[in-house]
Amino acid sequence: MKRKSSLPNPPEPKPTNSMPSIISIIPDEPIFGRFITATAILCLQKERIFNNYLHELEKSIADFYNENISFNTNLTKNVIREKIEDLINKGVNKDNKHLSVVEVFDLFIKDYRKNGSSPKYKTMEGYVNTRNKLRRYQKENKVTLQFNDIDHDFYNKFIEYLITKNNSASTIGTNISKLKTFMNWTKQNKYHNTTDYLEFKVLKSEPVFTTVLREEELVRIKELDGLENDIEFARLFLIVNCNIGLRFSDLLEVIKEYSVINNELRIRQVKTNTVVILPINNEVNEMIQKLQSLYRPGIDRKVINSALKEVGKLTKMNDIETSVKVIGNKRITVKKKRWELLTTHVGRRTFATRAAEKNVPLHIIMKYTGHKNLSTLQNYIKSSSFGSHNIIEGLWD
């Protein structure tokens with residue numbers, strides 16, 4: 001037989017400093033049993049934590065009860081039930097509670113806006129990659145991730161999983177960073193109220209190779225002739241970028257869309273959407289014009305990087321470079337010939353390093369490279385390529 005609620009409902013309520021135990025508020029109400037089992041027992045699990053949770057919940061309801069009685073509020077069973085739901089949900093929208101992490105990630109990819117505008121395709125591609133890794137993690141571990149599962153234990157397991165898939169430290173760091181952005185968005189949109197993710201550390205790793213062309217290598221590349229069109233295009237692309245250090249996307253836009261007037265490039269940088277005017281010399285101007293004549297639809301980063309490997313072979317860039325690749329907590333020694341490392345990015349690094357060597361002001365270098373902060377630019381400058389012996393000797397002159 002259903003018992004009556006023990007909550008008093010006098011005609012003229014008076015303040016009280018005590019109230020019945022939380023267990024006796026709605027002893028046989030299904031809603032209470034459902035929420036406590038599903039949220040507290042399932043999510044908190046441990047008996048001690050569960051008991052603390054009950055005590056805090058009881059205190060909150062008692063405070064609510066006493067405060068309302070003090071103001072002669074007519075408390076009903078429904079009012080108490082709504083308050084319990086609100087306390088247990090802790091601000092989470094009830095309609096969102098049944099959704100899993102991956103389900104909401106799909107909505108995030110569709111609806112996410114940064115500062116009111118849609119992120120670039122490459123940025124969203126990174127979020128899709130993280131979502132896919134979470135899907136595979138679920139499948140292999142036979143779990144369905146809920147938001148309360150995104151805790152320190154999950155963080156350690158997810159990193160271990162990514163390590164077993166041979167992800168580098170920087171790749172793992174990128175995925176953790178994307179996950180934290182997603183968790184921030186979902187918290188703001190009332191999908192959860194967890195906070196453990198705020199302490200997730202984003203792993204970082206230095207690039208495996210930071211190749212900068214040596215002077216004699218650049219001379220040999222300039223002297224190459226009689227090449228196939230795509231290889232010649234790649235050769236000129238590299239030389240031009242050793243002189244002006246543009247991002248790949250910006251230089252390709254110059255070749256496809258822009259005209260050089262009075263030895264000045266006036267361009268809108270693709271990544272930053274910033275308009276800049278960059279002086280160039282006659283030699284660079286002529287090479288850009290030649291690149292424009294050689295350009296064909298379908299030339300992209302992959303085509304150019306492949307052709308640059310041929311340029312490196314032809315110029316006998318056979319010296320061995322050694323570096324260390326960090327995968328999780330493992331360090332792996334990697335050895336490659338310099339021609340294997342030849343990519344469009346090498347020209348950009350060569351420009352930044354050589355310009356710094358010649359004491360070009362950093363704000364001028366950043367104008368060409370498009371960097372907004374000095375710390376990022378410094379990653380492009382290979383200090384080991386500087387004439388350190390001459391510099392040290394100069395300190396004692």
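Within each chain, residues carry numbers counting from 1 in the order of the written sequence. Reporting of local features is limited, given that this is a predicted model, to residues whose pLDDT is at least 70; pairs of side-chain atoms are given and counted only at 80 or more, and all residues count toward the totals for whole chains, interfaces and linings. No hydrogens and no water enter the side-chain calculation; it runs on all heavy atoms of the structure.

(A) A look at the packing of helix H9 (residues 229-244) against helix H12 (residues 301-314). Working convention: axes come from line fits to C-alpha atoms, limited for helices to the stretch in contact. Angles between N-to-C directions cover 0 to 180 degrees. For the purposes of this entry, the term helix denotes a DSSP run of H or I that reaches at least four residues, the term strand denotes a run of E that reaches at least two, and both are numbered from the N terminus. Packing of H9 against H12 brings their axes to within 8 Å, and their N-to-C directions diverge by 90°. Classified by the angle their axes make, H9 and H12 are roughly perpendicular. Residue-level inspection shows Asp230, Ile231, Phe233, Ala234, Arg235, Phe237 and Leu238 of H9 in contact with H12, the latter providing Val303, Ile304, Ala307, Leu308, Glu310 and Val311. The residue inventory of the contact of H9 with H12, partitioned by class, reads 10 nonpolar, no polar and 3 charged. When an angle is under 35 degrees it counts as roughly parallel; over 145 it counts as roughly antiparallel; between 65 and 115 it counts as roughly perpendicular; any other value is oblique. Whether two residues touch is decided by their heavy atoms; if any such pair falls within 4.5 Å, the residues are in contact. Polar here means any residue other than Ala, Val, Leu, Ile, Met, Phe, Trp, Tyr, Cys and Pro, which are nonpolar, and Asp, Glu, Lys and Arg, which are charged; Gly is therefore polar.

(B) The packing of aromatic side chains, seen in detail. For Phe, Tyr and Trp, rings pair up if their centres lie within 6.5 Å, where Trp contributes its six-membered ring, and each pair is then called stacked (planes under 30 degrees apart), edge-to-face (over 60) or tilted (otherwise). According to the stated counting rule, one finds 20 aromatic pairs in the structure shown. With a centroid separation of 4.1 Å and an interplanar angle of 10°, the aromatic rings of Phe105 and Phe182 are classed as stacked. Taken together, the residues Phe105 in helix H4 (residues 101-111) and Phe182 in helix H7 (residues 169-188) connect sequence positions 77 residues apart. Whether a residue is buried, partly exposed or exposed follows from its accessible area with a 1.4 Å probe, protein chains only, as a fraction of its type maximum: under 20%, in between, or over 50%, in that order. In this structure Phe105 comes out as buried when scored by relative accessible area, which is 0%. Taken together, the aromatic side chains of Phe105, Phe108, Tyr112, Tyr127, Phe147, Phe182, Trp185 and Tyr191 make up a single cluster linked through ring pairs. The criterion for a charge sitting over a ring is simple: Lys NZ or Arg CZ within 6 Å of the ring centre, and within 35 degrees of the ring normal. Positioned over the ring face of Tyr127 is Lys178, at 4.4 Å from the centre of the ring.

(C) Geometry of the pairing of strand E2 (residues 275-279). Alternating residues of E2 divide into Val276 and Leu278, all buried, and Val275, Ile277 and Pro279, none buried. One ladder, built from 5 bridges, connects strand E1 (residues 264-268) with E2; its direction is antiparallel. Considered in E2, the bridge of Glu264 is made with Pro279. The turn joining E1 and E2, which pair antiparallel and follow one another in sequence, is formed by 6 residues; a positive phi near 60° is taken by Asn273. Pairs of strands are assigned from DSSP output, requiring at least two bridges between the strands.

(D) Structural view of the side chain of Thr350. For Thr350, the position within the fold is in helix H13 (residues 344-357). On the basis of relative accessibility, which here comes to 2%, the residue Thr350 falls in the buried class. Ignoring any residue separated from it by four or fewer positions in sequence, one finds Thr350 in contact with Val212, Leu213 and Cys242.

(E) Region of interest: helix H8 (residues 215-223). The set of residues buried in H8 consists of Glu217, Leu218 and Ile221. Summarising the axial view, the buried residues of H8 lie within an arc of 95°, below the 170-degree limit, and thus occupy one face. Those residues of H8 that are exposed and angled more than 90 degrees off the buried face are Glu215 and Glu223. In this fold, the buried residues of H8 make contact with H9 and H12. In this description, the arc belongs to the directions extending from the helix axis to the C-beta atoms.

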